[in-house]
Number of protein chains: 2
Amino acid sequence: MLEFFAVAVLLLLTVILNARWILGIKVENALAAQISGHIHDGAKAFLSSEYKVMFPWIVVLFIVLALLTGYKSAIAFLAGALFSIAAGYIGMQIATLANVRTTEAARRGSGDALSVAFSAGSVMGMTVVAFGLLGLGLVVFVFGGFEKAGGIVSSFSLGASFVALFARVGGGIFTKAADVGADLVGKVEANIPEDDPRNPAVIADNVGDNVGDVAGMGADLYESYVGSIVACIVLALAEKNMVGLSFVLWAVSLGALSSWFTILLVRGISSRSHMEPANVFRMGSILVTLLAVGFVCLIPMWTGASWSYVVSTVAGMIVGIAIGFITDYYTMGAPIKEIAKASETGAATNILSGMAIAMQSTFLPVLLVGLATIVAYLSAGLFGIALAGVGMLCTLAYSLSVDAYGPVADNAGGIAEMAHFSPQVREVTDGLDALGNATAAMGKGFAIASAALTALALFAAFNSAVGIKALDVSDPKVLTGVMVGAASPFLFSSIVINAVSRTAFVIVKEVRRQFKEIPGLLSGQANPDYVVCVSISTSHALKNMVVPALLALILPLASYFLLGVEGVGGVLIGQTVSGFVMAVYMANAGGAWDNAKKLIEGGFLGGKGSEAHHAAVIGDTVGDPLKDTAGPSINILMKLSTVVSLILIPIFVQMGLPVLIDLFAK
Amino acid sequence: MLEFFAVAVLLLLTVILNARWILGIKVENALAAQISGHIHDGAKAFLSSEYKVMFPWIVVLFIVLALLTGYKSAIAFLAGALFSIAAGYIGMQIATLANVRTTEAARRGSGDALSVAFSAGSVMGMTVVAFGLLGLGLVVFVFGGFEKAGGIVSSFSLGASFVALFARVGGGIFTKAADVGADLVGKVEANIPEDDPRNPAVIADNVGDNVGDVAGMGADLYESYVGSIVACIVLALAEKNMVGLSFVLWAVSLGALSSWFTILLVRGISSRSHMEPANVFRMGSILVTLLAVGFVCLIPMWTGASWSYVVSTVAGMIVGIAIGFITDYYTMGAPIKEIAKASETGAATNILSGMAIAMQSTFLPVLLVGLATIVAYLSAGLFGIALAGVGMLCTLAYSLSVDAYGPVADNAGGIAEMAHFSPQVREVTDGLDALGNATAAMGKGFAIASAALTALALFAAFNSAVGIKALDVSDPKVLTGVMVGAASPFLFSSIVINAVSRTAFVIVKEVRRQFKEIPGLLSGQANPDYVVCVSISTSHALKNMVVPALLALILPLASYFLLGVEGVGGVLIGQTVSGFVMAVYMANAGGAWDNAKKLIEGGFLGGKGSEAHHAAVIGDTVGDPLKDTAGPSINILMKLSTVVSLILIPIFVQMGLPVLIDLFAK
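Residues numbered from 1 in each chain as written. Chains lettered and ligands numbered in written order. Predicted model: local features only at pLDDT ≥ 70, side-chain atom pairs only at ≥ 80, totals over all residues. Heavy atoms only, no water.

The name recorded for chain A in an unreviewed UniProt entry is Putative K(+)-stimulated pyrophosphate-energized sodium pump, from Coprothermobacter proteolyticus. Database annotation for chain A, UniProt heading Sequence similarities (unreviewed entry): "Belongs to the H(+)-translocating pyrophosphatase (TC 3.A.10) family. K(+)-stimulated subfamily." (UniProt positions renumbered as here; feature names shortened; annotations may be inferred.)

Here it is, written out as structure tokens:
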């Protein structure tokens, strides 16, 4: 446990130094400061509304857990939720303060701006990891060590899942509704450019980047990070494998240490050298993996752990990196050119081409995760599968830093545009923004794969907890569970996409109203009311996430009462497998359409305003809610359903709650 | 067995009378006769090219089967292929002769035209069923009765699967490539209406309706029909359940008899009464189910079969009908209006709305098939699941007659347009065509559900054949199989959609060439070269289906060598479950977009030429290859992979062929 605390303290100290450094940068442009203030306030307003909506749910779950599993689990649940909230709050706070400082730094060149934006991202990355380690360490420590920690760490993980649900689904609806709403009236009807300050929804759009891509992504990966560690702990405890447990603790801590070192190095290089920023990040990815592999290979020396654990862990690491590169290819490589070319014959062919490429892109990631599962299992059994998840996630502090850099750069570009900075500054921020899009796509691929692997690891823990020795898929209870589970990501996505459309429509109406009713708005003599758009997005996003949230919670529990434990197992595995494929499909489709559009905007096939561009814009709009709302939300669905089942189903079994099918079977 | 032969003879006699009656109708309009001749010749040309491509594959498989499983299986395989080919040939022959006669009959009113088109459809419906019964009956009879029929009937089913692969995938690529190709140049570039005789691809488009929706659909359902019966036979023989076997034979025969009676009644009513055609068909669906349920309830009286068999069979019937109505709702009910309204804000919102609705539409069908599986299993074990498949398909003769009516009516409308029939005639054919679209959507839902249930039944037979007692999905070999299997319909769809795009592009180039190089073509003074477009579609469709065909064959076999028997089981179940959901999604998305467009064309939200219409056309174009090529092709993928595994994997096991993972596991 000590290693967790030590690394957490190291990371948090670095976070504080980084944050102080960022805040020390003076913002000279008053307009920019004002705009950034709007974004900052909007994001804070969203968070506080979110907390208010979350609060009664947390209370209810706290009571349910206290009654069913005892007060320790309930407190652990609360701790998991609070640490996740705190990590999200800090990360977003810094991100929304760093955006304008990145714009300021961009006056002095690309290197300076990159280093501010990456520092802000690294605050998120390191805080998430530090709070994961600290939180888990604390609940285990306070409640008397590992002997009886199984249920407690699971509840901690449930708290994290629960916050992730709100942050990712709510944030996802917010960000895309604001984006689509702003574009539909702004670009299409009023014919003003993106990020134009006259558009009343433009601040909401920029808030959305932070709410969705910083807080949402952070909570999602916090959940995966914690979940993968928890799955290892639960399995190690069930197998009374204390050497394995110690291996996991070390692997996680040394992975975080490798990330810390890489973050400092990348930051140093980015501000001083003249390397391409993309190459700096790529080099960082490879370095952090090599370091972590090196460290992990050393662990058997002092823990006496088997080499098979090293193999399982490294299998997860390799697959994590490989999926990043595959995503890179499908969302930025040769296929993008095909989609762009297909745009020449119209929107329909653009969309079909993107669909086909995204469908194809699912195969390799699935195959690789499958292979990693097998390698891990052959080496170290079910515990090995959980280790592969930890392997993929142990360098999260670095990879999340790179992810969270994106929205800061994106916002910096928006502020440069709105505050009328010089073209040179905008060129710098545009370059950083393009890189951010690239890292965002790779980050999504990583988030999905890690969510799938975490769900599988938690699923293994679930089987062990309910005492399922073999989950026979030719048993119709399991089979029906698998079928319904496989359909559930489709239902879930459908609800979420509709929520985006509905919310976007309300924003469209509000923007139209402001254009009509505020005199002098379009000519630039009056200011729009940004706050209304932010609060509309907030309230609708949060209202519309109740149904998907209930679905994720109720589906596995209802399956118990209909189909029994085996049915729940079926639902979980069906949901994870189908959710994994669908999430990759949606993320890559959206990423590919987005970049095909950008390729054309860069001058390919006629550039902006051409027929091909018009078609590509439609593809991009279709892809937006797929890649930024539905796809990422599926990550949460997979993990939340599994962790809820892991905690509650064993209790249902213990209480002997009735199962409908058993009544008929007799 | 005798009951099979008796019903088959009855159906075939009716087919002959029907066909003679249709051919007896005189075609008076010379231009119409000429156009119909083009379509007829084009369809025949496609079929003969298809046979040529198929031939070497059949020979290779024949030899492989002869070597591995003995000459009897090889001959049964050949018989399965030949009977399927014959059924497709006859059905398409009559359909392409009946189209122009439907147009002629439309002069005398809607009732007359309906009765010609439905008679033509019923030729397909009854031929498919009769040849299924006759073929299966013959191979069992000739090779010495049921005692040793297990492997033989499976091989018969493989023959049917194999032809279905070519007919459905090849036909699906053909029909949509021709359709999209014709529209892209005709409607969009040259600005001439659909079905305009000046468009060189217009005949290919009409040929496509027959090739895809008559021959392709027929072969698909022939395969499902045979497959569901074969699964029952294999399971009954494995369990030495001769009473069950006898129950199946009677259920199938009496279902066919019910269909025969309903077909005659519907034909009689359609020509004489003034009922709405849609209501006539709907009444027929309910009547045929009631009759079949009544008959099936009687079977225990003389076979001594258990009532549990009745329950399983009826569960399948009810789900079959229910899925039809669900499809009806999602592709023609209230959701269509939502999609149409979403078109007002452009193509992107139209597409997102259609996606969301189609995603939602997957849940109930999957749930219902799951419930039917459970009810059937609780009543009669694995054999019960196979019986549910037979229940759903035993009234196929009627439902396929309704399906196959659609393309005949569609063609009749095209001919009326091209041959300049009076507006009254076109009004009649338009009405019949609209009904055909409705029945086509329901038919697709039925085809998918029956394919899924057949695949599940064959999967049960596979488990029994390889001696899998429990397929443990928490075993990573199985799990990886499930994951890869679940991704395979995505990969398959991707390949097929790309094939459509590529082929359509070649047609576009050819049509452009003809418009440019043939003087007087656009002004109507010269005739286009229809034949070239047909032969381009044919050759490209057949060339492009080699890769998907190989994928369906190789994936399960390769999984054996990598993951062993359990891995194959995982692949099959992952593929079936994910394929089922994806196929419903794609079929309903396409159907919903299509009908949203038609709704707008009917005057809703501004009608033809409005902004909303423009957006809806894009959605429709995106949906076309999903609903008519990729979706239906997945039906084949599910069944073919399963039946190939059912035949070959037990032999691999017997031969002790090495499995990679076993080498490492030691």
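Considerations on the relation of the copies chain A and chain B
The transform that puts chain A on chain B rotates by 180° and translates by 0.0 Å along the axis, for an RMSD of 0.0 Å. Seen this way, the second copy is the image of the first under a two-fold rotation axis. When each C-alpha of chain A is compared by its distance to the rotation axis, A:Asp472 comes out closest, at 2.3 Å. (Least-squares fit on C-alpha atoms with pLDDT ≥ 70 in both.)

Let's talk about the UniProt feature "site: Determinant of potassium dependence" (unreviewed entry) in chain A
Residues and elements named next belong to chain A. With numbering aligned to this structure, UniProt lists the feature "site: Determinant of potassium dependence" (unreviewed entry) at Ala440. With respect to the element layout, Ala440 can be found in helix 14 (residues 423-466). By relative accessible area, which is 23% here, Ala440 ends up partly exposed. (Helix = DSSP H or I, 4+ residues; strand = E, 2+ residues; numbered from the N terminus. Buried < 20%, exposed > 50% of the residue type's maximum accessible area, 1.4 Å probe, protein only.)

Some details on the pattern of salt bridges
All names here are of chain A. Evaluated as defined, the whole model comprises 36 salt bridges over all chains. Arg513 is the salt-bridge partner of Glu517, the closest N and O atoms lying 2.8 Å from each other. Note that Glu517 and Arg513 are positioned in helix 15 (residues 476-517) at a spacing of four residues, about one turn of the helix. In this structure Arg513 comes out as partly exposed when scored by relative accessible area, which is 34%. (Salt bridge = Lys/Arg side-chain N within 4 Å of Asp/Glu carboxyl O.)

What to know about the packing of aromatic side chains
On inspection of all chains with the given rule, the structure shows 36 aromatic pairs over all chains. Between A:Trp57 and A:Phe162 the ring centres are 6.1 Å apart and the planes differ by 45°, which places this aromatic pair in the tilted class. Within this pair, whereas A:Trp57 is found in helix 2 (residues 30-69), its partner A:Phe162 is found in helix 5 (residues 150-190), the two being separated by 105 residues in sequence. For A:Phe162, a relative accessible area of 0% gives the class buried. On the basis of an interplanar angle of 75° and a centroid distance of 5.7 Å, the ring pair of B:Phe83 and B:Phe131 is categorised as edge-to-face. Separated by 48 residues along the polypeptide, B:Phe83 in helix 3 (residues 71-106) and B:Phe131 in helix 4 (residues 110-142) bring together distant segments of the chain. Considered together, B:Phe83 and B:Phe131 belong to a single accessibility category, that of buried residues. (Phe/Tyr/Trp six-rings, centres within 6.5 Å; stacked < 30°, edge-to-face > 60°.)

A word on the side chain of B:Asn595
You can see B:Asn595 is positioned in helix 17 (residues 546-601). In this structure, B:Asn595 is in contact with B:Thr331, B:Met332 and B:Ile336, ignoring residues within four places of it in sequence. (Contact = heavy atoms within 4.5 Å.)

Focus: the side chain of B:Ser157
Residues and elements named next belong to chain B. One can find Ser157 in helix 5 (residues 150-190). Judged by relative accessible area, which is 1%, Ser157 ranks as buried. Setting aside its immediate chain neighbours within four residues, Ser157 contacts Val226, Gly227, Val230 and Val643.

Quick word on the packing of helix 5 of chain B against helix 18 (residues 611-655) of chain B
A pair of packed helices is captured by two measures, namely the crossing angle of their axes and the spacing between those axes. Residue and element names in this part refer to chain B. The interhelical angle for the contact between helix 5 and helix 18, taken along N-to-C directions, is 165°, at an axis separation of 9 Å. Our classification of the angle between helix 5 and helix 18 gives roughly antiparallel. Where helix 5 crosses over helix 18, the handedness of that crossing is left-handed. Looking at the contact of helix 5 with helix 18, its residues break down into 14 nonpolar, nine polar and six charged. (Axes fitted to C-alpha atoms, helices over the stretch in contact; angles between N-to-C directions. Parallel < 35°, antiparallel > 145°, perpendicular 65-115°, else oblique. Left-handed = near helix turned anticlockwise from the far one by under 90°. Nonpolar A, V, L, I, M, F, W, Y, C, P; charged D, E, K, R; others polar.)

Some points on unusual backbone geometry
The backbone of A:Lys240 shows a phi angle near 50°, a positive value even though the residue is not glycine. Positive phi, close to 55°, is recorded for B:Leu605, a residue that is not glycine.

Some thoughts on helix 4 of chain B
Residue and element names in this part refer to chain B. For helix 4, spanning 33 residues, the distance from its first C-alpha to its last is 47 Å, which sits close to the expected 48 Å at 1.5 Å a residue. Counting buried residues along helix 4, 28 of its 33 residues qualify, which places the element largely inside the surrounding structure. Positive phi appears at Gly144, one or two residues downstream of helix 4, with a value of about 90°. (Expected span 1.5 Å × (residues − 1).)

Thoughts on the environment of B:Pro476
Take B:Pro476: it is sitting in helix 15 (residues 476-517). Separated by 91 residues in the primary sequence, B:Pro476 and B:Gly567 place their C-alpha atoms 8.6 Å from one another. Contacts of B:Pro476, omitting those with residues within four sequence positions, involve A:Thr373, A:Ile374, A:Tyr377 and A:Ile385.

Digging into the environment of A:Ser450
Residue and element names in this part refer to chain A. If you trace the backbone, Ser450 turns up in helix 14. Note: C-alpha distance between Ser450 and Ala388 (62 residues apart in sequence) is 9.5 Å. With near-sequence residues (within four places) excluded, Ser450 lies in contact with Leu221, Ser224, Met392 and Leu393. Side-chain polar atoms of Ser450 contact the backbone oxygen of Ala447, separated by 3.0 Å. (Polar contact = N/O pair within 3.5 Å; in protein donor to acceptor, adjacent residues only side chain to side chain.)

Focus: the packing of helix 15 of chain A against helix 18 (residues 611-655) of chain A
Residues and elements named next belong to chain A. Viewed as axis vectors pointing N to C, helix 15 and helix 18 meet at an angle of 135°, and their least axial separation amounts to 9 Å. The orientation of helix 15 with respect to helix 18, classified from their angle, is oblique. Our pair here, helix 15 against helix 18, has a crossing hand that is right-handed. Along the contact surface, helix 15 presents Ser488, Pro489, Phe492, Ser493, Val496, Ile497 and Val500, while helix 18 presents Pro625, Leu626, Thr629, Ala630, Ser633, Ile634 and Leu637. Looking at side-chain class alone, the contact of helix 15 with helix 18 contains ten nonpolar, four polar and no charged residues.

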